[in-house]
Amino acid sequence: MTPVSRTARTTDLAPELRRRWAMTVAEARGTKGAEDPDPDPYAENLLARWDEPQRRYHTSHHLADVLHHIDELSDCALDLATVQLAAWFHDAVYRPDRSENEERSAALAERALPELGVDAARTAEVARLVRLTSTHDPAPEDLDGAVLCDADLAVLAGSPEGYAAYAAAVREEYAFVPDPDFVVGRSAVLRQLLSLPRLFRTPLAYDWWEHIARRNLATELDLLSG
């Protein structure tokens with residue numbers, strides 16, 4: 001995945017993502033007050049973050065995919081606008097060589113959303129959901145957490161070609177890691193995922209994606225082991 005193709009893809013996605021952002025912010029803050037700022041500059045800031053040069057998988061393409069999968073699972077959500085805002089922020093801060101990305105992304109949401117006129121309770125819930133993506137382990141009663149986590153993991157259930165492209169993009173993000181170390185680390189991640197009782201928590205996502213995702217994960221692990 002070259003920088004040229006990534007830039008072209010972003011250009012195609014940006015207008016629709018800006019439109020979606022404006023609609024989500026309007027829904028999240030309710031009636032617009034005279035003091036509420038224009039959401040568009042915030043969209044520009046977030047989209048710039050999502051297309052930083054160190055990213056190969058965690059790009060605006062991933063953001064668009066997560067939002068699409070949230071749409072598919074929307075009937076399972078309690079507060080759809082909050083889940084959508086969490087999707088925008090969940091990888092807004094991303095450095096593959098750091099472990100605090102989710103915490104820093106949540107902190108960004110905690111700063112930006114009050115400025116946009118989003119109330120304190122919803123801001124706190126967005127930040128909680130962003131932090132949840134560090135484990136993808138929502139509580140059984142956490143319906144919004146399940147929707148966000150399932151949408152984030154839906155890439156695991158792609159076609160063989162789509163999954164191969166995802167795995168290759170992840171490897172590119174970790175290009176600074178030597179091959180032997182990457183194989184050990186990535187294999188551990190795959191084994192941990194395969195050991196879970198279920199990857200997807202919402203009934204819809206489980207029915208649609210569980211079997212395919214497990215097959216993809218097992219195939220990648222076999223390839224790394226071979």
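None of these values were measured; they are calculated from a predicted model.

S.K.: When you look at the overall build of the protein in this model, what are you seeing that I'm missing?
M.R.: Broken down by element type, the protein carries 10 helices and zero strands. When the helices and strands of the protein are read in sequence order from the N terminus, they spell out α-α-α-α-α-α-α-α-α-α. A globule of 226 residues ought to have a C-alpha radius of gyration of about 17 Å, and the protein, at 17 Å, matches this closely. Projected onto its principal axes, the C-alpha coordinates of the protein cover approximately 60 × 40 × 30 Å. Looking at the protein as a whole, 48% of its 226 residues qualify as buried. For the protein, the proportion of contacts with a sequence separation of at least 24, taken over those separated by at least 6, is 67%. Surface accessibility of the protein: about 10,900 Å² in total, with carbon and sulfur atoms responsible for 58%. The protein carries 24 positive and 39 negative side-chain charges, and their two centres are separated by 4 Å.

S.K.: What is the right way to read the packing of helix α8 (residues 160–173) against helix α9 (residues 179–195) from this model?
M.R.: For any two helices packed against each other, the geometry is given by the interaxial angle and the distance between the axes. Between α8 and α9, whose axes approach to 12 Å, the crossing angle comes to 130 degrees. On the basis of the axis angle, α8 is oblique to α9. As α8 runs across α9, the sense of the crossing is right-handed. Touching Y163, Y166, V170 and R171 of α8 are D179, F182, R186 and L190, all from α9.

S.K.: When you look at the packing of aromatic side chains in this model, what are you seeing that I'm missing?
M.R.: We describe a pair of aromatic rings using the distance from one ring centre to the other and the angle between the two ring planes. Under the criterion given, the structure shown has eight aromatic pairs. Note on Y174 and F182: the rings are 6.4 Å apart at their centroids and 45 degrees apart in plane angle, and the pair reads as tilted. You can call F182 buried: its relative accessible area is 12%. An aromatic cluster of at least three residues, connected via ring pairs, comprises W21, W88 and F89. The ring centre of W50 lies 5.3 Å from the NZ or CZ of R55, which sits over that ring.

S.K.: Can you walk me through helix α6 (residues 120–132) in this structure?
M.R.: Each turn of an α-helix holds 3.6 residues, which means side chains three or four residues apart point in the same direction. End to end, α6 covers 18 Å across 13 residues, agreeing with the expected 18 Å (1.5 Å per residue, within 8%). Its side-chain oxygen at 3.1 Å from the backbone nitrogen of A121, D119 defines the N-terminal cap of α6.

S.K.: Help me understand the nonpolar core, please; the structure alone is not making it clear to me.
M.R.: The biggest cluster of nonpolar side chains holds 64 residues, and the ones touching the most others in it are W21, I70, W88, F89, L113 and L156. With seven residues, helix α4 (residues 80–89) is the single largest residue contributor to this core. Excluding anything up to four places from it in sequence, W88 contacts L17, W21, L46, L47, W50, L63 and L67.

S.K.: Would you take a moment to explain helix α10 (residues 203–225) for this structure?
M.R.: Over its 23 residues, α10 extends 32 Å from the first C-alpha to the last, a length consistent with the 33 Å expected when each residue adds 1.5 Å. Its maximal kink placed at W209, α10 deviates by approximately 50 degrees. Contacts made by the buried residues of α10 are with α3 (60–72), α7 (143–153), α8 and α9.

Conventions and cut-offs
- Residues numbered from 1 in each chain as written.
- Predicted model: local features only at pLDDT ≥ 70, side-chain atom pairs only at ≥ 80, totals over all residues.
- Heavy atoms only, no water.
- Helix = DSSP H or I, 4+ residues; strand = E, 2+ residues; numbered from the N terminus.
- Rg over C-alpha atoms; globule rule 2.2 N^0.38 Å.
- Buried < 20%, exposed > 50% of the residue type's maximum accessible area, 1.4 Å probe, protein only.
- Contact = heavy atoms within 4.5 Å.
- Areas by Shrake-Rupley, 256 points an atom, 1.4 Å probe, with all protein chains shown as cover.
- Lys, Arg positive; Asp, Glu negative; His and termini not counted.
- Charge placed at Lys NZ, Arg CZ, Asp CG, Glu CD.
- Axes fitted to C-alpha atoms, helices over the stretch in contact; angles between N-to-C directions.
- Parallel < 35°, antiparallel > 145°, perpendicular 65-115°, else oblique.
- Left-handed = near helix turned anticlockwise from the far one by under 90°.
- Phe/Tyr/Trp six-rings, centres within 6.5 Å; stacked < 30°, edge-to-face > 60°.
- Lys NZ or Arg CZ within 6 Å of the ring centre and 35° of its normal.
- Expected span 1.5 Å × (residues − 1).
- Polar contact = N/O pair within 3.5 Å; in protein donor to acceptor, adjacent residues only side chain to side chain.
- Core = buried A, V, L, I, M, F, W, Y, C linked by side-chain atoms within 4.5 Å.
- Bend = angle between axes of the 7 residues up to and from the residue.

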